[in-house]
Amino acid sequence: MKRNIFQALKQWAIKSQRKPLILRGARQVGKTHLVTRLGQTFQQFVMINFERQPQAAEVFKQDLDPKRITRDLSLMFNVKIVPQETLLFFDEIQQAPQALTALRYFYEDYPELHVIAAGSLLDFALEQVGVPVGRVEFLYVYPMSFMEFLMAMERQQAIDAILNQAFPSAFPPIIHERFLTYVAEYLAIGGMPEVIKNWREFNDLKKCHLIKQNLIDAYRQDFEKYSKQHQIKYVNLLFDQIPYQLGKPFKFSNIPGEYRKRDLAPCLDLLTKAQVVKPIYHSNGQGLPLGAQVDFDKFKTLFIDVALAQTALGYFPKDWLLQPGQTLINKGEIVESFVGQELLAYSDPQTPFSLYYWQRQQRSSNAEVDYLIEQQGQVIPIEVKSGAGSTLKSMHLFLATHPASPYGVRFSTLSASQYENIRSYPLYAIATLC
C-alpha cells in the first residue's frame, strides 16, 4: 500500500550527503514494508532481522569496522553488499545494540553504502547506547492517515476533491455526507496497515476485529521486554485504562484501585517510549515554541490508533458503518483522538512532533481547547466537535486572551465555513490544514 512517507525515503536514497537512516515507530505501523518497497528500487536488497537471525549480532562483536562487518555479513548469508547498488536493512536492531552503535561508523567510514535500521522498541535501545548525534538521520512512522486510507481503498477522486477544495467553499450536501461516511469507516478500521489491507481485500469487519485483537495482544507481549518484573502489572493496568481517559486530562487518581502515582508514572513513560501512547501536554499557548510553556503535570493521552483504542475497550465497531452520523455524534472522545492522530500523521516525518492543548481552570469557569498547533509562526487553537458543535466558548476565550493567535479552527461534521475569526473544517479535511 502506498504511504506518503515513502517520498521521504526516496529523497534520502538519492542524497549525496546521506547518513544511515533510522525509522522510528511502534510495532506494526509499516516500517519493514516501507523499507522492503524501497529495496525493490536497488539492484540488491539485503535485510538482516536480528530477531529472526540472532547469529548476525556476532558479526558486530569483533569490532565496529563497517567494511569488515559487511564482508562478514556477505559471507554469513551468501549475499552481495555493494556500495551504491545495495540497500542494507537492519531490522529489529534493538536486539543488537552494538549494531546500533556501529551506524555512526557506517557514516564516517562507509558513507557510500545505503544503510537503514528499524525496530519496534528502538527507543529503549537508543536510551542504552545513546543516539549517534549528527551521524544518523531519523524518520518517524505513524499509523496510516485518513488520506492514505482513502488511497488504499482506491478513492483517489475523493482525495483530489478534498485536497483541491478552496476554503471556505463547501461540497454539496450529498458529497459532504459521503465523505463523512468515509471518516466513520476509517474510525471503524483504523490506521494499522495490516487491518486496512484486510479490509480492502475481504471487506470483513470480523476479520479486521480479530487482527486488531491480535495486535493488542502483541503489544501486551512486549511489556515483558521493556518492563521490570514488578512493573508489568502497572503497565498492563495503564494500557487497559488509558482508552477510558481519551479526550480528558489524564489523572492517575481515576484509575480504579489503590495505586500510587510514583509506581504508575514510570510505567506510563515506558508506554510512551514504546510509542503505544502519545502525551498531549498542556501549554499556555502565548507564543512559540509551544514546548517552552509546557506544564508536564497536566496532560492528555493519545492511544496509538483510534480503532485499536476501541478494540482495547471491547467495542465492536459496526455502528460506524451502520449508523455513521449518529456514531460520530456519540463518540466524541474517539473523534477528538482521530484529529490528534491525523495531526501526527501529516507532520514532518524528519522531526519528532509534539501535541499540545490548552486549559484554564477557575472556580467561576473552566475552558479547554483540544489542540494547539503552529502555523506560519503563529499559535492556532483547534476545537473538535463530534456533532455540529455550535458553542465555542473555550475557543473565543482563548482568542480573547491570546491576541497573537489570529484565528481558531473547528473540526466537526459541518461543512466548511468561516465566521469572523473561526474557520470551520469538516472532519475529512484535516490534511488541508497540515
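Predicted, not measured: the structure shown is a model, and the values here were computed from it.

About the thresholds
- Residues numbered from 1 in each chain as written.
- Predicted model: local features only at pLDDT ≥ 70, side-chain atom pairs only at ≥ 80, totals over all residues.
- Heavy atoms only, no water.
- Helix = DSSP H or I, 4+ residues; strand = E, 2+ residues; numbered from the N terminus.
- Rg over C-alpha atoms; globule rule 2.2 N^0.38 Å.
- Buried < 20%, exposed > 50% of the residue type's maximum accessible area, 1.4 Å probe, protein only.
- Areas by Shrake-Rupley, 256 points an atom, 1.4 Å probe, with all protein chains shown as cover.
- Phe/Tyr/Trp six-rings, centres within 6.5 Å; stacked < 30°, edge-to-face > 60°.
- Lys NZ or Arg CZ within 6 Å of the ring centre and 35° of its normal.
- Pairing = 2+ DSSP bridges.
- Axes fitted to C-alpha atoms, helices over the stretch in contact; angles between N-to-C directions.
- Contact = heavy atoms within 4.5 Å.
- Salt bridge = Lys/Arg side-chain N within 4 Å of Asp/Glu carboxyl O.
- Polar contact = N/O pair within 3.5 Å; in protein donor to acceptor, adjacent residues only side chain to side chain.
- Core = buried A, V, L, I, M, F, W, Y, C linked by side-chain atoms within 4.5 Å.

**Q** Looking at this structure, I do not really get the overall build of the protein. What am I missing?
**A** When you go through the protein residue by residue, the secondary structure sums to 17 helices and 13 strands. Taken against the 2.2 N^0.38 rule, which gives 22 Å for 434 residues, the C-alpha radius of gyration of the protein at 23 Å falls within 12% of a compact globule. Once the C-alpha set of the protein is aligned to its principal axes, its extents read approximately 70 × 55 × 45 Å. Split into buried and exposed, the 434 residues of the protein put 55% on the buried side. As displayed, the protein has an accessible area near 19,600 Å², and 48% of this comes from carbon and sulfur atoms.

**Q** Explain unusual backbone geometry here, please?
**A** Residues apart from glycine generally show negative phi values, whereas peptide bonds are mostly found in trans. Here the residue pair phenylalanine 167 and proline 168 is connected by a cis peptide bond, since its omega of 5° sits within 30 degrees of zero. Tracing the chain through its elements places proline 168 in the loop between helix 7 (156-164) and helix 8 (173-189). Cis peptide bonds are those with omega within 30 degrees of zero, and the linkage from leucine 288 to proline 289 qualifies with 0°. Inspection of the secondary structure assignment puts proline 289 in the loop between strand 6 (277-283) and strand 7 (294-303). Look at glutamine 28: it is not a glycine, yet its phi comes out positive at around 65°. The topology assignment puts glutamine 28 in the loop between strand 1 (21-24) and helix 2 (31-39). For glutamine 28, a relative accessible area of 37% corresponds to the partly exposed category.

**Q** Where do I start with the packing of aromatic side chains in this structure?
**A** On inspection of all chains with the given rule, the structure shows 27 aromatic pairs. Where phenylalanine 90 meets phenylalanine 106, the ring centres are 6.1 Å apart and the plane angle is 65°; that geometry is what we call edge-to-face. Separated by 16 residues along the polypeptide, phenylalanine 90 in strand 3 (residues 86-91) and phenylalanine 106 in helix 4 (residues 97-109) bring together distant segments of the chain. Here phenylalanine 90 matches phenylalanine 106 in class, with each residue buried. Plain terms: the ring middles of phenylalanine 138 and tyrosine 140 are 6.4 Å apart, the flat faces sit at 40° to each other, and that makes the pair tilted. The class of tyrosine 140 is buried, set by a relative accessible area of 11%. Counting every residue linked through ring pairs, the aromatic cluster contains Phe124, Phe223, Tyr226, Phe239 and Phe303. It is lysine 207 that lies over the ring of phenylalanine 202; its NZ or CZ is 4.3 Å from the centre. A cation sits over an aromatic face here: lysine 331 above tyrosine 315, 4.0 Å from the ring centre.

**Q** When you look at the sheet that holds strand 12 (residues 417-419) in this model, what are you seeing that I'm missing?
**A** In any sheet, the strands associate via hydrogen bonds between backbone groups, in a parallel or an antiparallel arrangement. Within the open sheet, the 8 strands sit side by side as 7-6-8-9-10-11-13-12. Their pairing is mixed. Across the chains shown, the open sheet's two edge strands, defined by having one partner strand only, are strand 7 and strand 12. With strand direction ignored, the average angle separating the axes of adjacent strands in the sheet is 35°. Note: strand 9 (residues 366-375) against strand 10 (residues 378-384), 5 bridges, orientation antiparallel. When the sheet's bridge partners are listed, glutamate 374 is paired in strand 10 with valine 379. Strand contacts of helix 12 (residues 261-273): strand 6 and strand 7, with the helix running at about 115° to strand 6, the strand carrying the most contacts.

**Q** How should I be thinking about the sheet that holds strand 3 in this particular structure?
**A** Strand order in the open sheet formed by 5 strands is 2-3-4-1-5, and the pairing between neighbours is parallel. Each end of this open sheet is capped by a strand with a single partner; those strands are strand 2 (44-49) and strand 5 (137-140). Between one strand axis and the next, the sheet turns through 20° on average, direction left out of account. Pairing analysis gives 6 bridges linking strand 2 to strand 3, with the strands arranged parallel. The partner of valine 46 across the bridge, within strand 3, is leucine 88. Packing of helix 5 (residues 122-129) onto the sheet brings it into contact with strand 1, strand 4 (114-118) and strand 5, and relative to strand 1 it is tilted by some 130°.

**Q** Before we go on, may I ask you to explain the pattern of salt bridges in this structure?
**A** As a working rule, side chains carrying opposite charge can pair if their charged atoms are close by. Throughout the structure, instances matching the rule amount to 19 salt bridges. Note that lysine 273 is salt-bridged to glutamate 127, the shortest N-O span being 2.5 Å. Residue lysine 273 is located in helix 12, and its partner glutamate 127 is located in helix 5; the two are separated by 146 residues in the primary sequence. Given a relative accessible area of 29%, lysine 273 falls into the partly exposed group. A relative accessible area of 52% places glutamate 127 in the exposed class.

**Q** Sorry if this is basic, but what is going on with the side chain of glutamine 44 here?
**A** Among the secondary structure elements, glutamine 44 is positioned in strand 2. At a separation of 2.8 Å, a polar atom in the side chain of glutamine 44 contacts the side chain of threonine 86. Once residues lying within four places of it in the same chain are set aside, the contact partners of glutamine 44 are Lys80, Val82, Glu85, Thr86 and Leu87.

**Q** Is there a simple way to think about the nonpolar core in this case?
**A** Within soluble globular proteins, side chains that are nonpolar generally end up buried alongside one another. In this structure, Phe90 and Phe146 are the most contacted members of the largest nonpolar core, which totals 139 residues. Per-element accounting of this core gives the leading share, 9 residues, to helix 8. The residues touching phenylalanine 90, leaving out its near neighbours within four places in the chain, are Ile48, Phe50, Phe60, Leu73, Leu103, Phe106, Val115, Ile116, Ala117 and Ala118. By size, the runner-up hydrophobic cluster in this structure holds 13 residues, among which are Leu372, Val379, Met395 and Phe398.

**Q** Would you take a moment to explain the environment of leucine 9 for this structure?
**A** Along the polypeptide, leucine 9 turns up in helix 1 (residues 6-14). Its relative accessible area of 0% is what places leucine 9 among the buried residues. Separated by 14 residues in sequence, leucine 9 and leucine 23 have C-alpha atoms that sit 9.9 Å apart. The contact partners of leucine 9, leaving out residues within four places of it in the chain, are Leu21, Leu23, Leu34, Leu38, Ile116 and Leu139.

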